[in-house]
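Descriptive analysis of the structure
Residue strings, one per chain:
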Amino acid sequence: MNPQEGPTPRFSVGEGYAVYQGPTPDGSFHRHAAFQIAVAVRGEVSIVDASDIHHRAVTLVVPPMERHRMLAATDLVVFYVEPHCVFADRLREHHGDGVTPAPELRGLRAEDIGRAGARPSGELDPRLVEALDTLWDGNVPMPVLAATVGLSPQRLRALARHQVGMPLTRWRVWARLRLAAEALQAGRSPAEAAFAAGFADQAHLTRRMREMTGLTPVAVLSLLRGQPLRAT
């Protein structure tokens, strides 16, 4: 590879996580329902938080629902770790508040998350973990979801806000985005991925994906095909 061309972007989805490697443009402000671990292959990662504070380090962790934007970098590895897997327990303990440096995660690999991403959290209430898992299976109404795990809708909502810092409506959107990413990975078009994940149309998917990841379905599709990533 010619060094001037930069690395070939890669994007993949695993159980409990997703990972992107490659260059990134200056991003827009967004917040997502997963932990984000950004590792610089060369140099440092630069992230701006909601207070306009610039954070720079080789590795930075952003907890769920923390509003931020990433600055341009030539080569990053970015992991999205879902909050109800056992790997997230470790992140909550050390990186649960604001954007924080994480030098101990500099050598993190997808296979390091793989097994821990598939195992449920040992810290969260198991009823909440079951509810989050259930939402992967479709648009389950809140009364049905709460009854399934043995809680009232009000108690389930409060539990989600307290333990993972987000309303279940946000998690429902994230679950659909993951389904859309899996559909794109399987070779479907953005319009087909939107339909498969339960979005009204491609425009709806695009708005939600940009809002929660800073990327668009077209950008993700370009990554999956090994094409250069452009600002979105």
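Structure first, text after, so check above.
In this text the structure is predicted, and so the values were computed from the model without any measurement. (Residues numbered from 1 in each chain as written. Predicted model: local features only at pLDDT ≥ 70, side-chain atom pairs only at ≥ 80, totals over all residues. Heavy atoms only, no water.)

1. Regarding the sheet that holds strand 1 (residues 10–14)
- Pairing in this open sheet of six strands is antiparallel, and the strands run 1-2-8-3-6-9 from one edge to the other. Unpaired on one side and paired on the other, strand 1 and strand 9 (100–101) mark the two borders of the sheet. (Pairing = 2+ DSSP bridges. Helix = DSSP H or I, 4+ residues; strand = E, 2+ residues; numbered from the N terminus.)

2. A look at the pattern of salt bridges
- Under the criterion given, the structure shown has ten salt bridges.
- Linking R92 and D89 is a salt bridge whose minimum nitrogen-to-oxygen distance equals 2.7 Å. One end of the pair, R92, and the other, D89, are both in helix 1 (residues 86–95), three residues apart, so they sit about a helical turn from each other.
- Measuring nitrogen to oxygen at the nearest pair gives 3.3 Å for the salt bridge that ties R208 to E211. In this pair, R208 and E211 are both assigned in helix 8 (residues 202–213), three residues apart and thus about one turn of the helix distant.
- Residue R208 is classed as partly exposed on the basis of its relative accessible area, which comes to 27%.
- Beyond isolated ion pairs, a larger network of salt bridges with shared partners links E82, R178 and E182. (Salt bridge = Lys/Arg side-chain N within 4 Å of Asp/Glu carboxyl O. Buried < 20%, exposed > 50% of the residue type's maximum accessible area, 1.4 Å probe, protein only.)

3. Considering the packing of helix 6 (residues 168–185) against helix 8
- Where helix 6 contacts helix 8, the two axes come as close as 10 Å, and the packing angle between them is 110°. If you check the angle between helix 6 and helix 8, you find them roughly perpendicular. In this structure, helix 6 uses R170, V173, W174, L177 and A180 to contact helix 8, whose residues at the interface are L205, R208, M209, E211, M212 and T213.
- When grouped by side-chain class, the residues that make up the contact of helix 6 with helix 8 number seven nonpolar, one polar and three charged. (Axes fitted to C-alpha atoms, helices over the stretch in contact; angles between N-to-C directions. Parallel < 35°, antiparallel > 145°, perpendicular 65-115°, else oblique. Contact = heavy atoms within 4.5 Å. Nonpolar A, V, L, I, M, F, W, Y, C, P; charged D, E, K, R; others polar.)

4. Some thoughts on the sheet that holds strand 4 (residues 45–49)
- Spatially, three strands are ordered 5-4-7 in an open sheet, and the strand pairing comes out antiparallel. Strands with a single pairing partner mark the edges of an open sheet, and in this sheet they are strand 5 (54–57) and strand 7 (68–70). In this sheet, neighbouring strand axes are inclined to one another by 25° on average, regardless of whether the strands run parallel or antiparallel.
- Across four bridges, strand 4 lies against strand 5 in antiparallel orientation. Bridge pairing in strand 5 places V45 opposite A57.

5. Quick word on the nonpolar core
- Judged by nonpolar contacts, the single largest core of 59 residues is most densely connected at L156, L168 and W174.
- Among the elements that take part in this core, helix 6 stands out by supplying ten residues, more than any other.
- Ignoring any residue separated from it by four or fewer positions in sequence, one finds W174 in contact with H32, A33, A34, Y80, E82, W136, M212 and T213.
- Formed by 18 residues, the second largest nonpolar core is a distinct cluster that contains V81, L91, A102 and L105. (Core = buried A, V, L, I, M, F, W, Y, C linked by side-chain atoms within 4.5 Å.)

6. Quick word on the packing of helix 4 (residues 142–149) against helix 5 (residues 153–164)
- Close contact between helix 4 and helix 5 brings their axes to 9 Å; oriented N to C, the two are set at 85°. The angle between the axes of helix 4 and helix 5 places the two elements in the roughly perpendicular class. Contacts from M142, P143, L145, A146 and V149 of helix 4 reach helix 5 at P153, L156 and R157.
- When the residues that make up the contact of helix 4 with helix 5 are grouped by side-chain class, the tally is seven nonpolar, no polar and one charged.

7. A few points about the side chain of H95
- With respect to the helices, strands and loops of the structure, H95 is situated in helix 1.
- The buried category is assigned to H95, whose relative accessible area is 5%.
- At 2.7 Å, the side chain of H95 forms a polar contact with the side chain of E104.
- Those residues in contact with H95 that lie beyond four places of it in its chain are F35, V61, P63, T100, P101, A102 and E104. (Polar contact = N/O pair within 3.5 Å; in protein donor to acceptor, adjacent residues only side chain to side chain.)

8. Notes on the packing of aromatic side chains
- For the coordinates displayed, the defined rule picks out one aromatic pair.
- Look at Y80 and W174: their rings are 6.2 Å apart centre to centre, the planes differ by 50°, and that puts the pair in the tilted class. Note that Y80 is positioned in strand 8 (residues 73–81) and W174 in helix 6, a separation of 94 residues in sequence.
- For Y80, a relative accessible area of 10% translates into the label buried.
- Here W174 falls in the buried class, since its relative accessible area comes to 8%. (Phe/Tyr/Trp six-rings, centres within 6.5 Å; stacked < 30°, edge-to-face > 60°.)

What is shown is where atoms sit, not what they do.
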